[in-house]
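The lines below spell out each chain.
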Amino acid sequence: EGRFLDERRLNLKSDESSSLLTIEDYFEGDEEDDVFGAGTDMDGDEDQRMRIEAAATSESTGRGMEMTFSRFVDHMWKKLQNRKDEYEIDPALVWTEIKSYIKGSREALNADWLAFNHGLSATDRLEKLKEAYMKLGKKVGTVTTAQREQVWEYYMRYEDRKKKMSCWDEGDLVLDLYKRFMKHGHSGILLHQTFIDEVQDFTQAELVLVLKLARFPNSSFLAGDTAQTIARGVGFRFADLKTLFHDMGYKVRDPHKLTHNYRSHTGVLRLASSIVDVIYKYFPASIDKLEPDRGLFPGPKPKLLMVNSFNELTMMLLGHQRTDTKIEFGAQQVVLVRSDEARRNLPTELAASAIVLTVFESKGLEFDDVLLWDFFSASPCKKMKDGGCAHEWRTLYDYWMDNGGAETGNGSAE
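These numbers come from a predicted model, not from an experiment.

(A) Fine view of the overall build of the protein. Of the regular secondary structure elements, the protein holds 17 helices and five strands. By residue count, 36% of the 414 residues in the protein fall in the buried class. A fraction of 66% describes how many contacts in the protein between residues 6 or more apart in sequence connect residues 24 or more apart. Looking at the protein as shown, the accessible area adds up to about 26100 Å², and 53% of this sits on carbon and sulfur atoms.

Listed below in structure tokens is the structure:
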């Protein structure tokens, strides 16, 4: 992709009517054509800028790198916890609270800017940020209002450790860019309209920044599906998006809902719908309530392959052919794994002959045949004392039985 973009840039005419930019190009700018105007040094905010621009990198410790969910869990989470913590909160929920609500909400964006603009100290600015977080509605966020105080303590420890590691996160980037925009205004490339796909993977703060850069924000086109959110830590609902448009003074429209799916067959859609139903049951405020997608044809049922070796897998996939025959995977076949670590643990023969993607990488792609490899053993679900995920599976089983289970054979519980 990088090579393709470099070649396209070389072929572009050097006029003002056309340009090809990545999002990094757009916000990078230069001294002669600064997107946010000339002279963007942020007096009194050098500490945050230094964290964002930290150049040291170390794959083993994550120092100097962007703080992602995986690094948050691997390098931070255990050190953030305290024996005196009143609640046991999953790290995924804490990460979502930090990314989407403490730093990624419209309220946080405005509170941070106003505190900076009034020249408040770092301590006072944190107080304003905390005040904005605590005042969020009961239906906003992934934890109860009683748990927010503990989550805020996690956030304070998180920021302290992140600073010591010279790391930065997306929230730092967006807050910093927003302050520059509000202080210096917009110049350089003019954006008339914005077209955003997969809008459910954006935080409110990111959307506010993008919409403010557009000359005609009321003509923006946003598309997405909250049931397809794959970005870790993003809590998005179209109901919140309508509120965002209203609060920003933009025209509020009801979303146009699409229910016919032309990419997947009914079997896949019903499976996906059954998972969404579980989310509706246990996390009713986390996603929008929509009609289930409808397919055009039933499609084949999946097959579960129980194998102890790669030779056994070869025999199952190739039928009665020789077991030493190489499996020929084409462009329409893919092996899906949960993570990069799971990809590294694939059998050499399989990794060398197939397209191997994580779930995140496969988003939006289409294949005729999909092989899920050892999917459940790499599950990040909470480990219980027995070494398994008994509590999580029991919850799903109880839900399945409460909705008819094996007795009906119909509905989303099938």
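Picking up after the structure, the text goes on.
(B) View of empty space enclosed by the protein. Evaluation of the coordinates by the stated rule reveals one cavity of 30 Å³ or more. If you add up the space inside the largest cavity, you get close to 40 Å³. Breaking the lining of the largest cavity down by element, the ones donating at least two residues are helix H10 (204-213) and helix H11 (238-247). The biggest single contributor to the lining of the largest cavity is H11, with three residues. By residue class, the composition of the lining of the largest cavity is four nonpolar, two polar and two charged.

(C) View of the packing of aromatic side chains. What the rule picks out here adds up to 13 aromatic pairs. Residues Tyr 133 and Trp 152 carry aromatic rings whose centres are separated by 6.4 Å and whose planes lie at 25° to one another, so their mutual orientation is stacked. Of this pair, Tyr 133 sits in helix H7 (residues 122-134) while Trp 152 sits in helix H8 (residues 148-164); the two residues are 19 residues apart in sequence, bridging distant segments of the chain. Judged by its relative accessible area of 4%, Trp 152 is buried. Taken together through their ring pairs, the aromatic side chains of Phe 69, Phe 72, Trp 77, Trp 95, Tyr 154 and Tyr 158 make up a single cluster. Positioned above the aromatic ring of Phe 116 is the side chain of Lys 179, whose terminal nitrogen or guanidinium carbon lies 5.9 Å from the ring centre.

(D) Representation of unusual backbone geometry. Positive phi is not limited to glycine here, since Ser 166 has a value of about 55°. Looking at the secondary structure, you find Ser 166 in the loop between H8 and helix H9 (170-184). Judged by its relative accessible area of 32%, Ser 166 is partly exposed.

(E) Spatial organisation of H8. Helix length check: H8 (17 residues) gives 24 Å between terminal C-alpha atoms against 24 Å at 1.5 Å per residue, within 8%. For H8, the full list of buried residues reads Arg 148, Gln 150, Val 151, Trp 152, Tyr 154, Tyr 155, Tyr 158, Glu 159 and Lys 162. Just past H8, the residue Ser 166 takes up positive phi, approximately 55°.

(F) Local environment of the nonpolar core. Core analysis: the largest hydrophobic core is formed by 25 residues, its most contacted members being Met 67, Phe 72, Val 94, Ile 102, Tyr 133, Tyr 155 and Tyr 158. Secondary structure elements with two or more residues in this core: helix H4 (69-80), helix H5 (91-102), H7 and H8. Considering every element that reaches this core, the biggest residue donor is H5, with six residues. The contact partners of Tyr 155, leaving out residues within four places of it in the chain, are Ile 98, Ile 102, Lys 103, Leu 126 and Leu 129. Within the second largest apolar cluster, 23 residues are counted, among which are Val 174, Leu 175, Phe 236 and Phe 245.

(G) How the structure looks around the packing of helix H6 (residues 106-117) against H9. Between H6 and H9, the shortest axis-to-axis distance is 10 Å and the interhelical angle comes to 55°. Considered as vectors, H6 and H9 are oriented oblique to each other. The hand of the H6/H9 crossing is right-handed. Residues Ala 108, Leu 109, Asn 110, Asp 112, Trp 113 and Phe 116 of H6 touch H9, and the partners they reach there are Val 174, Leu 175, Tyr 178, Lys 179, Met 182 and Lys 183. The class makeup of the residues in the contact of H6 with H9 is eight nonpolar, one polar and three charged.

Conventions used here
Residues numbered from 1 in each chain as written. Predicted model: local features only at pLDDT ≥ 70, side-chain atom pairs only at ≥ 80, totals over all residues. Heavy atoms only, no water. Helix = DSSP H or I, 4+ residues; strand = E, 2+ residues; numbered from the N terminus. Buried < 20%, exposed > 50% of the residue type's maximum accessible area, 1.4 Å probe, protein only. Contact = heavy atoms within 4.5 Å. Areas by Shrake-Rupley, 256 points an atom, 1.4 Å probe, with all protein chains shown as cover. 1 Å grid on protein atoms, 1.4 Å probe; cavity = no way out; pocket = protein on both sides within 12 Å on 5 of 7 lines; lining within 4 Å. Points joined across faces, edges and corners; volume = space filled by probe spheres on them. Nonpolar A, V, L, I, M, F, W, Y, C, P; charged D, E, K, R; others polar. Phe/Tyr/Trp six-rings, centres within 6.5 Å; stacked < 30°, edge-to-face > 60°. Lys NZ or Arg CZ within 6 Å of the ring centre and 35° of its normal. Expected span 1.5 Å × (residues − 1). Core = buried A, V, L, I, M, F, W, Y, C linked by side-chain atoms within 4.5 Å. Axes fitted to C-alpha atoms, helices over the stretch in contact; angles between N-to-C directions. Parallel < 35°, antiparallel > 145°, perpendicular 65-115°, else oblique. Left-handed = near helix turned anticlockwise from the far one by under 90°.

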